[in-house]
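# Notes for the structure review
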Amino acid sequence: MKLAFRTFSHETEEEVDAAIKQAAATITPTDSMHWFQHTQSLYRKCVDLEDL
Amino acid sequence: MSEEKQADTHKRKRESHSDDTHLRVVLLHSEGYSYSEIVAATHLPEGTVKTIIHRSQQRHSTHKKHKGGNHKAVWGDDVRKLVCDMQSADPAASLLDLQHAVDICLPVTPSCVNTIWRMLQTADFTTKKLYPIPEARNSERVKQERKEWVESVVDSLTAVNTVFIDESPFSFTITRTRGRSKKGVRAGATVPAMRGKNHTLIAALPPAHGLLHWSVHVTQPSEEFISNRKGSKKKKTGPKGVTRDIFRSFILTLLDLPLFHSPNDSISAPAAASSATPASAQQFKLVMDNARIHKGDITDIIFST
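Residues numbered from 1 in each chain as written. Chains lettered and ligands numbered in written order. Predicted model: local features only at pLDDT ≥ 70, side-chain atom pairs only at ≥ 80, totals over all residues. Heavy atoms only, no water.

A separate point is the overall build of chain B. The helix and strand inventory of chain B stands at ten helices and six strands. Expressed as a percentage of contacts within chain B between residues at least 6 apart in sequence, the contacts between residues at least 24 apart total 57%. Accessible area of chain B: about 22,500 Å², with a carbon and sulfur share of 53%. (Helix = DSSP H or I, 4+ residues; strand = E, 2+ residues; numbered from the N terminus. Contact = heavy atoms within 4.5 Å. Areas by Shrake-Rupley, 256 points an atom, 1.4 Å probe, with all protein chains shown as cover.)

In structure tokens, the structure reads:
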């Protein structure tokens with residue numbers, strides 16, 4: 001669960017670390033590519049001096 | 001009562017003629033045809049022809065009077081378009097703002113806020129939580145700088161050779177601000193009594209490889225009590241979040257990873273980027289924002305490494 005660290009409260013630092021590791025594992029190369037392509041789609045707006 | 005008598009007393013159905021027939025009658029009359037000639041051409045009763053002509057002269061229109069059925073839209077497409085355009089341009093505009101805009105911009109009496117709300121619903125507008133946009137993000141200077149940056153690097157940034165690096169603070173004690181409960185029942189959420197420490201996450205993310213490297217730092221408060229006495233004053237201390245030293249060590253650890261030394265042994269790229277040629281160590285481009293901790297000797301370290 002990507003947002004598990006927000007859904008559950010964590011008492012100890014170990015639990016926090018585990019929650020972060022769990023969230024980090026959900027970030028896949030496919031997600032990264034999706035957001036990279038989204039970023040590339042904004043370049044045209046930048047060149048056209050549009051607001052972001 | 002006999003069937004014949006029933007037929008006589010039955011109310012005769014009123015015959016209706018189309019707008020095209022009305023227009024034809026009026027055009028014939030305007031061209032100088034007499035009533036009898038129009039009757040012969042249209043096969044309408046003479047009384048009907050006279051009535052159509054008389055009404056068209058009274059109303060200056062050949063269309064029939066609207067009777068029953070669905071009501072016509074009171075507010076035209078121009079009002080609807082203005083409302084939708086205004087809301088698209090400014091998501092923070094309230095219904096009263098839109099009503100005021102219609103009053104100023106168009107020569108019509110503005111509709112009530114309920115009607116404006118319905119126009120927005122029909123156009124697929126929904127209420128959302130606004131996210132803050134820093135004012136400087138879209139200033140003319142920043143937009144010009146952004147354009148120059150994109151024009152200078154856009155051709156050289158690919159999914160294989162780009163590594164995005166950034167840091168972001170997180171709080172583990174935040175609670176949700178929206179929830180559901182039955183009508184008349186308050187919706188509450190349990191919150192921690194003490195505020196927890198913030199955590200700052202630094203991450204390096206090449207699009208072709210996913211999350212490559214990350215580290216977490218506990219943010220220390222930037223104030224401390226002068227003495228242990230109750231009610232003691234606080235004093236400002238140095239920055240205790242992600243400092244340049246922490247960022248420098250993160251960069252050094254990152255650049256030690258195998259990806260930056262032997263691209264052929266690196267992590268396998270996803271299908272979307274697998275066709276691209278692997279980048280050599282010299283071809284990687286690290287993209288980060290203009291935070292102060294990213295400047296200074298960081299650039300020298302990157303190139304020397």
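Turning to the sheet that holds strand 2 (residues 198–205) of chain B, a few remarks are in order. Residue and element names in this part refer to chain B. Strand order in the open sheet made by the four strands is 3-2-1-6, with mixed pairing throughout. At either margin of the open sheet sits one strand with a lone partner, and together these are strand 3 (213–218) and strand 6 (285–287). Averaged over all neighbouring strand pairs, the angle between strand axes comes to 20°, with direction disregarded. Judged from the eight bridges that link them, strand 1 (residues 162–171) and strand 2 form a sheet pairing that is antiparallel. Paired with proline 169 across the bridge in strand 2 is threonine 200. (Pairing = 2+ DSSP bridges. Axes fitted to C-alpha atoms, helices over the stretch in contact; angles between N-to-C directions.)

Glancing now at the environment of A:Val47. Considering the arrangement of structural elements, one finds A:Val47 in helix 3 (residues 29–47). If near-sequence neighbours (up to four positions away) are discounted, A:Val47 is found in contact with B:Lys147, B:Val150 and B:Glu151.

All right, on to the nonpolar core then. The tendency in soluble globular proteins is for nonpolar side chains to be buried as a group. Residues and elements named next belong to chain B. Val163, Ile165, Ala204, Phe247, Leu254 and Phe260 are the most contacted members of the largest nonpolar core, which totals 16 residues. Secondary-structure elements contributing two or more residues to this core are strand 1, strand 2 and helix 9 (244–255). Top element by residues in this core is helix 9. It accounts for five residues. Ranked by size, the runner-up nonpolar core spans ten residues in total, among them Val79, Val83, Ala93 and Leu106. (Core = buried A, V, L, I, M, F, W, Y, C linked by side-chain atoms within 4.5 Å. Buried < 20%, exposed > 50% of the residue type's maximum accessible area, 1.4 Å probe, protein only.)

Its identity as a non-glycine residue notwithstanding, A:Leu49 has a phi of 60°, on the positive side. The topology assignment puts A:Leu49 in the segment after helix 3. Residue A:Leu49 is classed as partly exposed on the basis of its relative accessible area of 30%. At B:Asp124, a position not held by glycine, the phi torsion is positive, near 70°. Classification of B:Asp124 as exposed rests on a relative accessible area of 67%.

All right, on to the interface of chain B and chain A then. Across the boundary between the two partners, chain B contributes 34 residues, which contact 23 residues of chain A. With both chains or domains summed, chain B and chain A bury close to 2,400 Å², and 72% of this area falls on carbon and sulfur atoms. The interface formed by chain B and chain A includes one salt bridge. One salt bridge connects B:Lys143 with A:Asp51, and the closest N-O pair in it is separated by 2.8 Å. Run the count over chain B and chain A and you get three residue pairs in polar contact (both at pLDDT 80 or more). Among the secondary structure elements, those contributing two or more residues to the side of chain B that touches chain A are helix 8 (140–153), strand 1, strand 2 and strand 3 of chain B. Classifying every residue of the side of chain B that touches chain A gives 21 nonpolar, seven polar and six charged. (Buried area = accessible area lost by both parts, 1.4 Å probe. Salt bridge = Lys/Arg side-chain N within 4 Å of Asp/Glu carboxyl O. Polar contact = N/O pair within 3.5 Å; in protein donor to acceptor, adjacent residues only side chain to side chain. Nonpolar A, V, L, I, M, F, W, Y, C, P; charged D, E, K, R; others polar.)

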